[in-house]
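# Secondary and tertiary structure notes
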Amino acid sequence: MGLVALRKDVMKVLSRSAFLACLFCCSASRFTLTLVFATLVISHPTDAASLDTTVNEEVIMLPVISNGSKLPLETTIFRPPGEGPFPLLVMNHGKDRGNPARQTRDRFLALSREFVRRGYAVAVPMRKGFAASGGSYTDLGCNMTDNGQQQADDVESALKALVQQAWVDRERILVAGQSYGGLATMAFGTRHFPGVRGLLNFAGGLRIDGSSCDWKSSLVSAFAGFGARTLLPSLWFYGENDSYFDPALAARLQQAYQSAGGSAQLVTYGRFKKDAHGMVGSHDGVTIWLPETERFLKRIGMPAEPSVRIAEIPRPPATQFASLANIAAVPYLSEKGRAGYRDYLGKSAPRAFALSSSGAWSWAEEGDDPAERALAHCQKNSSTECKLYSIDNDVVWEAQNISPPPPLSVN
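All figures in this text were calculated on a predicted structure; none of them were measured in a lab.

### What about the side chain of Asp 154?
Mapped onto the fold, Asp 154 is located in helix H5 (residues 144–162). The exposure class of Asp 154 is buried, given its relative accessible area of 4%. A polar contact of 2.6 Å, which involves the side chain of Asp 154, links it to the side chain of Lys 128. If sequence neighbours within four positions are ignored, Asp 154 has contacts with Ser 66, Leu 73, Arg 127 and Lys 128.

### Some thoughts on the pattern of salt bridges
Side chains that carry opposite charge are capable of pairing whenever their charged atoms lie near each other. Using the criterion set out here, one finds 23 salt bridges in the structure. A salt bridge links Arg 118 to Glu 294, with the nearest nitrogen and oxygen atoms 2.7 Å apart. One end of the pair, Arg 118, is in the loop between helix H4 (109–117) and strand E4 (121–125); the other, Glu 294, is in helix H9 (residues 286–299), with 176 residues separating them in the sequence. The exposure class assigned to Arg 118 is buried, which follows from its relative accessible area of 6%. Residues Lys 128 and Asp 154 are paired through a salt bridge, measuring 2.6 Å at the closest nitrogen-oxygen approach.

### Comments concerning the sheet that holds strand E12 (residues 394–395)
With antiparallel pairing, the 4 strands of this open sheet are ordered in space as E10-E9-E11-E12. Looking at the sheet topology across the chains shown, the edges are occupied by strand E10 (361–365) and E12. Sheet topology places strand E9 (residues 351–355) next to strand E11 (residues 387–391); 4 bridges connect them, and they run antiparallel. Within E11, the residue paired with Phe 353 across the bridge is Ser 390. Helix-sheet contacts for helix H11 (residues 370–380) involve E9, E10 and E11, and the interaxial angle to E10 is about 155°.

### Examining the packing of aromatic side chains
Within this structure, the stated rule accounts for 20 aromatic pairs. Centroid distance Phe 223 to Trp 236: 5.4 Å. Interplanar angle 75°. Geometry classified as edge-to-face. Residue Phe 223 is found in helix H7 (residues 215–228), and its partner Trp 236 is found in strand E7 (residues 233–239); the two are separated by 13 residues along the sequence. Look at Tyr 341 and Tyr 344: their rings are 5.6 Å apart centre to centre, the planes differ by 35°, and that puts the pair in the tilted class. Linking Tyr 341 with Tyr 344, this pair stays in helix H10 (residues 335–344), spanning 3 residues, or about one helical turn. Take Tyr 341: its relative accessible area is 0%, and that puts it in the buried class. Within the aromatic cluster, the residues linked to one another by ring pairs are Phe 321, Tyr 332, Tyr 341, Tyr 344, Phe 353, Trp 361, Tyr 389 and Trp 397. Residue placement shows Arg 127 over the ring face of Tyr 180; its charged tip is 5.7 Å from the ring centre.

### As for unusual backbone geometry
Here the amide bond leading from Gly 84 into Pro 85 is cis, since omega sits at 5°, within 30 degrees of zero. By secondary structure assignment, the location of Pro 85 is in the loop between strand E2 (69–78) and strand E3 (86–92). Of note, the bond from Ala 349 into Pro 350 is cis; its omega dihedral lies within 30 degrees of zero at 5°. Tracing the backbone through its elements, the reader meets Pro 350 in the loop between H10 and E9.

### Notes on the packing of H4 against H9
Packing of H4 against H9 brings their axes to within 12 Å, and their N-to-C directions diverge by 35°. Classified by chirality, the crossing of H9 by H4 is right-handed. Within the contact between the two elements, H4 uses Ala 110, Leu 111, Glu 114 and Phe 115 and H9 uses Val 286, Trp 289, Leu 290, Thr 293 and Leu 297. Of the residues belonging to the contact of H4 with H9, the class tally is 7 nonpolar, 1 polar and 1 charged.

### Topic: the nonpolar core
Judged by nonpolar contacts, the single largest core of 52 residues is most densely connected at Leu 88, Leu 159, Val 196, Leu 219, Phe 223, Trp 236 and Tyr 238. Ranked by residues supplied to this core, first place goes to H5 with 7 residues. Core analysis: the second largest hydrophobic core is formed by 35 residues, Val 55, Leu 109, Val 280 and Ile 300 among them.

About the criteria used
Residues numbered from 1 in each chain as written. Predicted model: local features only at pLDDT ≥ 70, side-chain atom pairs only at ≥ 80, totals over all residues. Heavy atoms only, no water. Helix = DSSP H or I, 4+ residues; strand = E, 2+ residues; numbered from the N terminus. Buried < 20%, exposed > 50% of the residue type's maximum accessible area, 1.4 Å probe, protein only. Polar contact = N/O pair within 3.5 Å; in protein donor to acceptor, adjacent residues only side chain to side chain. Contact = heavy atoms within 4.5 Å. Salt bridge = Lys/Arg side-chain N within 4 Å of Asp/Glu carboxyl O. Pairing = 2+ DSSP bridges. Axes fitted to C-alpha atoms, helices over the stretch in contact; angles between N-to-C directions. Phe/Tyr/Trp six-rings, centres within 6.5 Å; stacked < 30°, edge-to-face > 60°. Lys NZ or Arg CZ within 6 Å of the ring centre and 35° of its normal. Left-handed = near helix turned anticlockwise from the far one by under 90°. Nonpolar A, V, L, I, M, F, W, Y, C, P; charged D, E, K, R; others polar. Core = buried A, V, L, I, M, F, W, Y, C linked by side-chain atoms within 4.5 Å.

Structure follows, in structure tokens:
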């Protein structure tokens, strides 16, 4: 059954028994895939307000088979208007420090919008144990080959589920990844999956901190093994100030991959902001990766020219409330908050600063929608509604936003 058809059945079920389904999925140790999918296929409540409707963004729980067991992968989908079928880009995420289950879903919004603009559907699946996906994350230590292949298992599982959908063109598929997702992508290249025409590697690899293992040599060995078993062409991007994989290591990876028989075009570029490792997640990174990617897409017979008009993401207009650098004009902030705003002024665009009448505040920079992230982080610590004060170099706060803080309770 396709996701669209299943979603219609799901909504019928939820309209009759949403509470019971939610109660079950949250408390039962074992449950059917149908019930989990029925409960979670719709957009998450916390995400609903921030979905990019200009590219038909939705969050689903993609039902996959992993090692013979059924489990859901939290997956973000972007699509052009219409029913398709569309060429498909599967974009694979990296790993943040800490517990993978606490990692938020990745969107790669700047990249996703560019591919939708070219007529692609984009899927960003969170692998096992990451974010809201089912299953558990397993660390295989210094064995970079097995780490990559284990993550590639999830990429393959997701792709097997995705190609069953009527809106996917099974003959025109591109697989990409950043950081650990790049390692997974290069490992996936050994699977010879039907319809996949090429691979994109954005700073791919895995770094191990605080260990005596020679992870760099293990990574080089892994890439050599992948190259020996991969027939697909690939395009790689590594920057000069990548804090994970420096230019010398990137060159070693390409040399090992190509010497073993793989096809890899390495694009090295200069410094990118504070850390080139996150280049593909930045709106400003588009000018680096897009020109070479368009040429690569043409070589492998995939759409490369813009063909879909999409609206720009709306944002609040600049106001005349105060100048950006006027720290004293920012309302509600304590001295600590004013120090936080001072730090914010030194951050790179895209960036956003949010605050509330309770004195809570937060800023975010780079990545997907800093304004959304700043508001969400502020709201976690606020008893009143958080609002945006600044976006990039503009103050967007309006004077009527100011309201007195709630009165102090008297015991």
